[in-house]
Amino acid sequence: MSALLEVDKVEAGYGDVQVLWGADMTVAKGETVLLMGVNGAGKTTLLRSLVGLQPCRGGAICLNGKDISALKPDARIRRGMAYMSELGVFPTLSIAENLRLGAYALSGSQASQRADQMYQMFPDLAKKRRAAAASLSGGQRKMLGLAKTLMSGADLILLDEPSSGLAPVFVSQVIETLKEVIGTGTSLLIAEQNIAFLALADRGYLMDHGRMEVSGTRAELEGSDAVRKAYFGVS
Ligand code: ATP
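Residues numbered from 1 in each chain as written. Predicted model: local features only at pLDDT ≥ 70, side-chain atom pairs only at ≥ 80, totals over all residues. Heavy atoms only, no water.

### What to know about the site of the ligand
To be explicit about the condition: Here a residue is near a molecule or strand as soon as one of its heavy atoms is found within 4 Å of it. Under the rule applied, a polar contact is a pair of N or O atoms within 3.5 Å (in protein, one hydrogen donor and one hydrogen acceptor; residues adjacent in sequence only if both atoms are side-chain atoms). For every accessible area listed, the method is Shrake-Rupley and the probe measures 1.4 Å; residues are considered covered only by the protein chains on display. Strands are runs of DSSP state E lasting at least 2 residues, helices are runs of H or I lasting at least 4, and numbering of each runs from the N terminus. Here the term charged refers only to Asp, Glu, Lys and Arg, the term nonpolar to Ala, Val, Leu, Ile, Met, Phe, Trp, Tyr, Cys and Pro, and the term polar to all other amino acids, Gly among them.
Around the ligand, a shell composed of Tyr14, Val19, Val38, Asn39, Gly40, Ala41, Gly42, Lys43, Thr44, Thr45, Glu161 and Gln193 is seen. Residue glycine 40 places a main-chain N or O atom 2.8 Å away from an oxygen atom belonging to the ligand. Within the side chain of glutamate 161, a nitrogen or oxygen atom sits 3.3 Å from an oxygen atom of the ligand. Burial of the ligand by the protein chains amounts to 58% of its free accessible area of 630 Å². When residues of the shell around the ligand are assigned to their parent elements, the largest contribution, three residues, is made by helix H1 (residues 43–51). By residue class, the composition of the shell around the ligand is four nonpolar, six polar and two charged.

### Side note on the sheet that holds strand S8 (residues 187–191)
Applicable threshold: Only when DSSP finds a minimum of two bridges between them are two strands counted as paired. Angles run from 0 to 180 degrees between N-to-C directions of axes, and those axes are lines fitted to C-alpha atoms, restricted for helices to the stretch in contact.
Ordered by their spatial adjacency, six strands build an open sheet running S6-S7-S8-S3-S9-S10, and the pairing between neighbours is mixed. Looking along the sheet, the strands with just one partner apiece sit at the ends: strand S6 (81–84) and strand S10 (211–217). The average angle at which neighbouring strand axes cross in this sheet is 15 degrees, direction not considered. When S6 meets strand S7 (residues 156–160), the two strands line up parallel, connected through four bridges.

### Structural notes on the packing of helix H3 (residues 95–102) against helix H6 (residues 138–150)
The test is simple: Note on convention: the crossing is left-handed when the near helix lies turned anticlockwise from the far helix by less than a right angle, right-handed when the turn is clockwise. Two residues qualify as a contact provided that any one of their heavy atoms is within 4.5 Å of a heavy atom in the partner residue.
Where H3 contacts H6, the two axes come as close as 7 Å, and the packing angle between them is 35 degrees. The two elements H3 and H6 cross, and the hand of that crossing is right-handed. In this structure, H3 contributes Ile95, Asn98, Leu99, Leu101 and Gly102 to the contact, and H6 contributes Leu144, Ala147 and Lys148. Among the residues forming the contact of H3 with H6, the class breakdown is five nonpolar, two polar and one charged.

### So, the domain arrangement of the protein chain
Where we set the bar: Each domain span listed reflects an automatic or database assignment of domains. Accessible area that two parts lose when put together, evaluated with a 1.4 Å probe and summed over both, is termed the buried area.
Each assigned domain of the protein chain is listed here: domain 1 (1–80 + 155–232) and domain 2 (86–153). One C-alpha centre belongs to domain 1, the other to domain 2; they are set 23 Å apart. Contacts between the two partners involve 19 residues from domain 1, matched on the other side by 14 residues from domain 2. In total, about 1400 Å² of surface goes out of reach between domain 1 and domain 2, with carbon and sulfur atoms giving 71% of it. When the area that domain 1 buries against domain 2 is broken down by residue, the three leading residues are Ile157, Thr177 and Val181, summing to 26%. Run the count over domain 1 and domain 2 and you get one residue pair in polar contact (both at pLDDT 80 or more). Among the elements of the structure, helix H2 (73–78), S7 and helix H7 (168–183) are those that each provide at least two residues to the side of domain 1 that touches domain 2. With seven residues, the top contributor of residues to the side of domain 1 that touches domain 2 is H7.

In structure tokens form, the structure reads like this:
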């Protein structure tokens, strides 16, 4: 498989605090990659650096073989990358309006075609399309955040903690929906502390203090002492 995303020795931080210390990773076309790590390991900082919301202090980020490190977030999005933050949606806007915002780079007719696909994939949203996002349950809001991100039609979707704030039943729903997304051939990079997401991944990385401590296939990570130690405190 050819690399869609190549991250080479990326460094980033906030003021005097350096958070990423030469983070390396790749995502191939059609692949689902899980970025694991405990609180504060640097997962959000890496995703924000990839999408251009956090300046890089060193290293390179290539998308489809082109260095995008110097591009602004909107230019990166136009090249086929979309990002779902932990916050996700605009609560006072309707579901339809939130979806339209996710497709700002598309024409009106492309956007409505895409919204129809989203309503098929997320039937709960279709039933409430004129309602404010604030009226949705936590799980439905997460679905809306995901649908809004998918509206871009991007080749690579970056998801930050899709399980955050959700009860276990909704986490299972998100996982099932992501299986459908994976079935469409979209490449996913998912930053998660919830180990249940490993079941979706082809490969993954365990991040520790801004570096990749372990990388491997799903099976390798499932058998890794370092992963067990980070997640369950035992090795
Ligand atoms: P979490 O799952 O808690 O979000 P994470 O792995 O995503 O953890 P980051 O959010 O990237 O980790 O945070 C990495 C480090 O950077 C932490 O020590 C955090 O306190 C620090 N940090 C994050 N955002 C800022 C900020 N805006 N200003 C200063 N330090 C920050």
